[in-house]
Amino acid sequence: MFSCEVQQCGFYIIFLQNKSMDNEKMMKMPMPSTDSVKVAVRVRPFSQREKNSGSKCVISMHSRTTTTIEDPKNPGHVKTFTFDLAYWSHNGFQKDKDGVLISADPTSKFASQRDVFHDIGRGILDCAWQGYNATLLAYGQTGAGKSYSMIGFGADKGIIPSVCEELFRAIEKQERNQEYQVTFSMLEIYNEQIRDLLSRTKKPGGLKVREDQHLGFYVEGLKSVPCENYAQIEKLMEQGTRIRTTASTNMNASSSRSHMVTTIRFKQVFLDRALTKQSSINLVDLAGSERQKSSGSEGDRLREGSRVNLSLTTLGNVISALADAALRKKVPHIPYRDSVLTKLLQSALGGNSRTTLIAAISPADICYEETLSTLRYAERAKKVRNKAVVNTCTLGRESRAENSRLLLGGGNSGVPEFKILYCFLAEHQLGTLAAQGTWAHLLEQARREWEQQYAAVALERQLTKTLPHLLNVNEDPQLSRVLKYFIHAGSCDAGQAASNAITLQGLGISDKHASFTNLDGKVTVTPYSKCKVVINGVPITTRTKLQHLDRIILGSSSAYLYIGFPLERSSEDLSRFDYDFFQLERAAAEGVSVDKLGAVSSADGQADPSVLAVFQDYIKLMPLVAEANQMSEELKKGLEMELKVKNLASSDSRGYDLQKEVMVKVTNQRTHEVWIWSKAKFINRKFLMEELYQHFLDGEDSHVAQEDDPFWDPAEVIHLGSAHVWLQSLAYCMKFEDQVEFLNCDGLEEAVLHVHITPCSPAGCAHSEEDVVIDPLELLGKRIDFQIHLVRCLGIKWLKEDAKRGIQMGYRIYDLPITLYTKPVWKTVNPQIEETVQFAAFSASQEFLNYLQTNALVVDLWGLQEGCAELSCSQLDLMVTNEGHIMLDTKKISNVKDTGQATSNQTSDLYLKVLKLEQEMELLRNINRTLREENMFLKESLEKTGSGQQGERLLRAPSNILKITQRTAGVPSAREIHQMYTQQASCDREFAKALKVFYQSMNMARGHFLRLRQCKPPEDDQMLRPFIHQQSQMLKDFGDLLESSLWKLKNDIALIVKKKREYLLHVRQ
């Protein structure tokens, strides 16, 4: 039916144009003006979460056009951007008596809502009065302040209400011989579906975008309401916000992932000149612009989270293509048609519109990457050029008369198709379907709708003043405290069933979820069996009395603020009870805090920025994980998801406790399979889960093939934990044998590793205590061989949980280019590993010796599951000795090889020289070993003999080196030699034993210290927080003191022994 009307209308549009061209009185097309997209940047104050986390500001604005951002990880590195406008709204403000933010003093550079409207809003109105189309886009990450700039909060009105209010003020001042027609519409785009926010009926699949040859893209069936004053628009915005909030709850869809488009159509009819000017004002609050790395499907086998990011991604592609085109680069295609949003914004980007983009940014260091991405996006957008024209229309006399008859609804023109034409034009110019009659008639229809709605609004206001009630709290502040649920006297059930007195929607809310009782001036809540109810962060299972301003979470994450009886209320600021407040409270009750995630790292008691960022991620993901678990339960997927914090220091050979990241552990309760999902992968999967869950709610088939199921992944290898084996003993040619713990991401013991690290000869013979060196510099430039022997693994929890599993271990050392893995072992809780690898450094460098003294061998424990691929490595790229041992510290040899790639002849010569030098060094080492063996033989023989003559005969034993020495120096007596060697051997032996005990105890102390750093005292209440900070700092100071004391003790011992040897040498001389 509709397509038929379009065809007839299209025919008569062409007919009128031909007739008008004959009379030369139809529309006169003005010349387009070329304008670049105007770009403004606005930085908001710190959010409460950022304040609690001790965030630092990385944004500065030194003028009205420049914005500078500083890298928090590299303080000297800054980037400066230049835009049309830069608004500093971070600080320097105060609230006036009406709650509006204003400058704190005349010197403050604070940009208020009125300042932003003066520059941007008035510019939009000027365009509308001139007859230009105008578009305003608000872009930025979730929580950056887009909605605040566009809509405002409370009395602090944003651009949209200010533009509407100012438009009607200006209309009132205009001449009477002109008619002004204003229509208002609101829509939301989520997951490529359009929802009409002024219509209470939801169309399955959303409204459709159609395309007309003359009018371009439009939304079929979108309700556009005629308005005659600002109060009506204000009520429409409240209605749209209410519908948006309800839809967000019902669909389990975050408003931060949806786009809201508000359209004001403004038509000026000049009755004396038979002229019309019309303007379409599009005010677009875009979805949160999280980067793909942090919120997309990075590393996921499935496609990116349904279509939820498609419009924003396509918008970026359109802007990039238009920016390239403006720079005269070859652009084959502008992808307007790839998403719903870009179809509707085609005229705003590169078309008939004057467009402004306001980029909202966070000042916090923990949002640096997102903020930098937003600034770069805005920089591209300012290169886009539009071609705006004044939208005017001048009709001929005959057309004017016919138009008047149609508008007045009088007489029969004899051309019924003209009525169809008018319907078509009215549908798109005034936004109503099959609209007939005058503008006054349309306004009268709108007034009747207002009267019907006013009674319900008045009743709600009266009940709010007298009854206790629940206020919804949403992640989006604009959608918080919009819905009210009144608790009448007596008992009333709450849940999804329509028969309940309080009908609630949301994940995890049952048909009958809880019972509220209002009796004798008290309100209590009682959960029904197995229904989740959380009060002030603590789950409840029995009847609980509610206090004014209690925080209630029903189901997975539906949050409500309880407002008590009128006598309990005061003039408190409800805005502080935002969504973050609920989640922080819930996290604290579960024992999660910044203090638990990492110790303080600076003198002012603030945690490390990376720890703060992880805490932010944890709080953000908490409700999402709860929702995902609920969907898994309802869809009978059998998955349980839990948040974990991975300590990246566990993979750091120095053991530095700096970086962490949030991950999600997923366990199949039926098969015991385990997966570890990154934050990005989990968010992507949750979008896909929501799409599948929506099919389930709609009664559609929610079954999908296993490979397309977001609740399933192939079996994978799981990282269970890491063990640190400190290598300091190798720097002194000492054997190390110990049992070290594998610590998991929670800092708890996962298993115990029995390991030997043994200095040895190239042939693999272990060095004795006589080979201990006093100073690691003695090994500089010499060959070092050692073996790493993984003996066994004890008490593996992974296998205790499921005996069918297996394990492997892997490690890398120094400059080894690959990870070495042990053979897989299955179905054994205490597996015998017994794998030994020998390493060799031909010419130990200073860097390698430093590494041995300060670093640990990190051994990773990996869990194997049935069906997963075992870990393996290729040793083809490894350099090995003639004995087949793996070479380390190969930088010099590698440099020689790399240099040789340029000149092959020179390479060969240099490489041969290096090998020859290595052979000569090896010969010298062999001579040195021979001398050591002879020395040992002499000492043992001297200990056995009791007479000087026997000792003298032993001194005549054949030794070329000894003979040479005797020729150049006097031979001491047998008694002197005996005393000297006996004393030296005794000194070396005792010193070697002392060093061995010393370094073993130091390694044990270091391991104990690392375990202590993983343990954080529990946070019982907020009063303990200063105590926890103090204890954490004392623990850190103790560790630093212990480390430095042990280091000093080692140096002192080495110095004493060195002086002892020098003294003995002096006595000998």
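Nothing here was measured: the structure is a model prediction, and the numbers come from that model.

1. Here we look at the overall build of the protein
A count of helical and extended segments in the protein gives 25 helices and 45 strands. Per-residue burial over the protein gives 50% buried out of 1069 residues. Taking the contacts inside the protein whose residues are at least 6 apart along the sequence as the reference set, 68% of them involve residues at least 24 apart. For the protein, the computed accessible surface area is about 52,300 Å², with 52% contributed by carbon and sulfur atoms.

2. Things to note about the packing of aromatic side chains
Applying the stated criterion across every chain yields a total of twelve aromatic pairs. On the basis of an interplanar angle of 70° and a centroid distance of 5.7 Å, the ring pair of Trp129 and Tyr180 is categorised as edge-to-face. Placement of the pair is Trp129 in helix H3 (residues 113-130) and Tyr180 in strand E12 (residues 178-190), with a sequence separation of 51 residues. By the burial criterion, Trp129 is buried, and Tyr180 matches it. Look at Tyr180 and Phe266: their rings are 6.1 Å apart centre to centre, the planes differ by 15°, and that puts the pair in the stacked class. Here Tyr180 is found in strand E12, whereas its partner Phe266 is found in strand E17 (residues 259-270), with 86 residues between them in sequence. The same class applies to Tyr180 as to Phe266, namely buried. Pairwise contacts between aromatic rings join Trp129, Tyr180 and Phe266 into one cluster. A cation sits over an aromatic face here: Lys109 above Trp88, 4.6 Å from the ring centre.

3. Some details on the sheet that holds strand E35 (residues 674-678)
Taking strand neighbours across the sheet as the criterion, the three strands line up as E33-E34-E35 in an open arrangement whose pairing is antiparallel. The sheet is open, and its two borders are formed by strand E33 (639-647) and E35, each paired with just one other strand. The average undirected angle you get between the axes of adjacent strands in this sheet is 30°. Here nine bridges tie E33 to strand E34 (residues 660-668), and the two strands are oriented antiparallel to one another. By the bridge assignment, Glu640 is partnered in E34 with Thr667. Its contacts with the sheet place helix H17 (residues 679-697) against E33, E34 and E35, and it is angled at close to 100° to E35.

4. Some words on the pairing of strand E44 (residues 856-864)
Within E44, eight of the nine residues are buried, which leaves the element mostly enclosed by the surrounding structure. Examined bridge by bridge, strand E36 (residues 718-726) and E44 share eight bridges and lie antiparallel to one another. When the sheet's bridge partners are listed, His719 is paired in E44 with Trp862. Here strand E40 (residues 806-812) pairs with E44 via seven bridges, running antiparallel. Within the sheet, the bridge partner assigned to Ile807 lies in E44 and is Gly863.

5. Focus on the environment of Gly521
For Gly521, the location among the structural elements is in the loop between strand E26 (514-519) and strand E27 (522-527). Overall, the relative accessible area of 53% leaves Gly521 in the exposed class. Residues Gly521 and Ala489, 32 residues apart in the sequence, show an inter-C-alpha distance of 9.1 Å.

6. Quick word on the sheet that holds strand E31 (residues 551-554)
Ordered in space as E23-E22-E32-E31-E28-E29, the six strands form an open sheet in which the pairing is antiparallel. A single partner strand is all that each edge strand has here, and the edge strands are strand E23 (484-486) and strand E29 (538-540). Within the sheet, the average angular offset between the axes of one strand and its neighbour, ignoring direction, is 30°. Of the strand pairs in this sheet, E31 and strand E32 (residues 558-563) are connected by four bridges, and their pairing is antiparallel. Looking across to E32, one finds that Arg551 is bridged to Leu561. Sheet strands in contact with helix H13 (residues 439-466) are strand E22 (469-473) and E23, and its direction is about 65° off that of E23.

7. Notes on the confidence of the model for the protein
The pLDDT averaged across the protein works out to 79; a share of 72% of its residues lies at or above 70. A low-confidence stretch, residues 405-437 stays under pLDDT 50, and its non-local contacts, those more than four residues away or across chains, total 55 contacts. Below pLDDT 50 for its whole length, residues 896-912 participates in eleven contacts with residues either more than four positions away or in separate chains.

8. Comments concerning the packing of H3 against helix H5 (residues 159-172)
Contact geometry for H3 and H5: axes closest at 10 Å, N-to-C directions at 50°. In terms of orientation, H3 and H5 fall into the oblique class. H3 and H5 meet at a crossing whose hand is right-handed. Packed against H3, whose contacting residues are Arg114, Val116, Phe117, Ile120, Gly121, Arg122, Leu125 and Trp129, the element H5 presents Ile159, Ser162, Val163, Glu166, Leu167, Ala170 and Ile171 at the interface. Among the residues forming the contact of H3 with H5, the class breakdown is ten nonpolar, two polar and three charged.

9. Some remarks on unusual backbone geometry
If you check the backbone angles, Asn191 has positive phi at about 55° while not being a glycine. Secondary-structure assignment places Asn191 in the loop between E12 and strand E13 (193-196). For Asn191, a relative accessible area of 13% puts it in the buried group. Phi at Arg481 is positive, roughly 60°, even though this residue is not glycine.

10. Quick word on the side chain of Arg551
In this structure, Arg551 sits in strand E31. Of note is the side chain of Arg551, whose polar atom sits 2.8 Å from the backbone oxygen of Leu549. Once residues within four sequence positions are removed from consideration, Arg551 is found in contact with Val534, Ile535, Asn536, Tyr560, Leu561, Phe577, Phe581, Phe582 and Glu585.

11. Structural notes on empty space enclosed by the protein
Applying the stated criterion to the full structure yields three cavities of 30 Å³ or more. Leu198, Lys223, Val225, Leu236, Gln239, Ala446, Glu449, Trp450 and Gln453 are the residues that line the largest cavity. Elements with a minimum of two residues in the lining of the largest cavity: helix H6 (230-250) and H13. In terms of residues, the lining of the largest cavity owes the most to one element, H13, which gives four residues. Looking at the lining of the largest cavity residue by residue, the class counts come to five nonpolar, two polar and two charged.

12. Points about the packing of helix H8 (residues 310-326) against helix H10 (residues 368-381)
The contact between H8 and H10 brings their axes to 8 Å, and the two run at 45°. As summarised for this structure, H8 and H10 are arranged oblique, according to the angle between their axes. Only Tyr377, Arg380 and Ala381 of H10 make contact with H8, whose side of the interface consists of Leu315, Gly316, Ile319, Ser320 and Ala323.

13. Quick look at the pattern of salt bridges
Scanning the entire structure with this criterion turns up 28 salt bridges. Where Glu642 meets Lys644, a salt bridge forms, and the shortest distance between an N and an O atom there is 3.8 Å. When salt bridges that share partners are traced, they join Arg122, Lys157, Glu165, Glu166 and Arg169 into one network.

14. A short note on H3
Over its 18 residues, H3 runs 24 Å from end to end, which matches the ideal 26 Å to within 8%, given 1.5 Å per residue. Approximately 35° is the largest bend angle found in H3, and it occurs at Asp119. Restricting attention to buried positions, one finds in H3 the residues Gln113, Val116, Phe117, Asp119, Ile120, Gly121, Ile124, Leu125, Cys127, Ala128 and Trp129. Just past H3, the residue Gly131 takes up positive phi, approximately 100°.

Quick notes on the rules
- Residues numbered from 1 in each chain as written.
- Predicted model: local features only at pLDDT ≥ 70, side-chain atom pairs only at ≥ 80, totals over all residues.
- Heavy atoms only, no water.
- Helix = DSSP H or I, 4+ residues; strand = E, 2+ residues; numbered from the N terminus.
- Buried < 20%, exposed > 50% of the residue type's maximum accessible area, 1.4 Å probe, protein only.
- Contact = heavy atoms within 4.5 Å.
- Areas by Shrake-Rupley, 256 points an atom, 1.4 Å probe, with all protein chains shown as cover.
- Phe/Tyr/Trp six-rings, centres within 6.5 Å; stacked < 30°, edge-to-face > 60°.
- Lys NZ or Arg CZ within 6 Å of the ring centre and 35° of its normal.
- Pairing = 2+ DSSP bridges.
- Axes fitted to C-alpha atoms, helices over the stretch in contact; angles between N-to-C directions.
- pLDDT = per-residue confidence, 0-100.
- Parallel < 35°, antiparallel > 145°, perpendicular 65-115°, else oblique.
- Left-handed = near helix turned anticlockwise from the far one by under 90°.
- Nonpolar A, V, L, I, M, F, W, Y, C, P; charged D, E, K, R; others polar.
- Polar contact = N/O pair within 3.5 Å; in protein donor to acceptor, adjacent residues only side chain to side chain.
- 1 Å grid on protein atoms, 1.4 Å probe; cavity = no way out; pocket = protein on both sides within 12 Å on 5 of 7 lines; lining within 4 Å.
- Points joined across faces, edges and corners; volume = space filled by probe spheres on them.
- Salt bridge = Lys/Arg side-chain N within 4 Å of Asp/Glu carboxyl O.
- Expected span 1.5 Å × (residues − 1).
- Bend = angle between axes of the 7 residues up to and from the residue.

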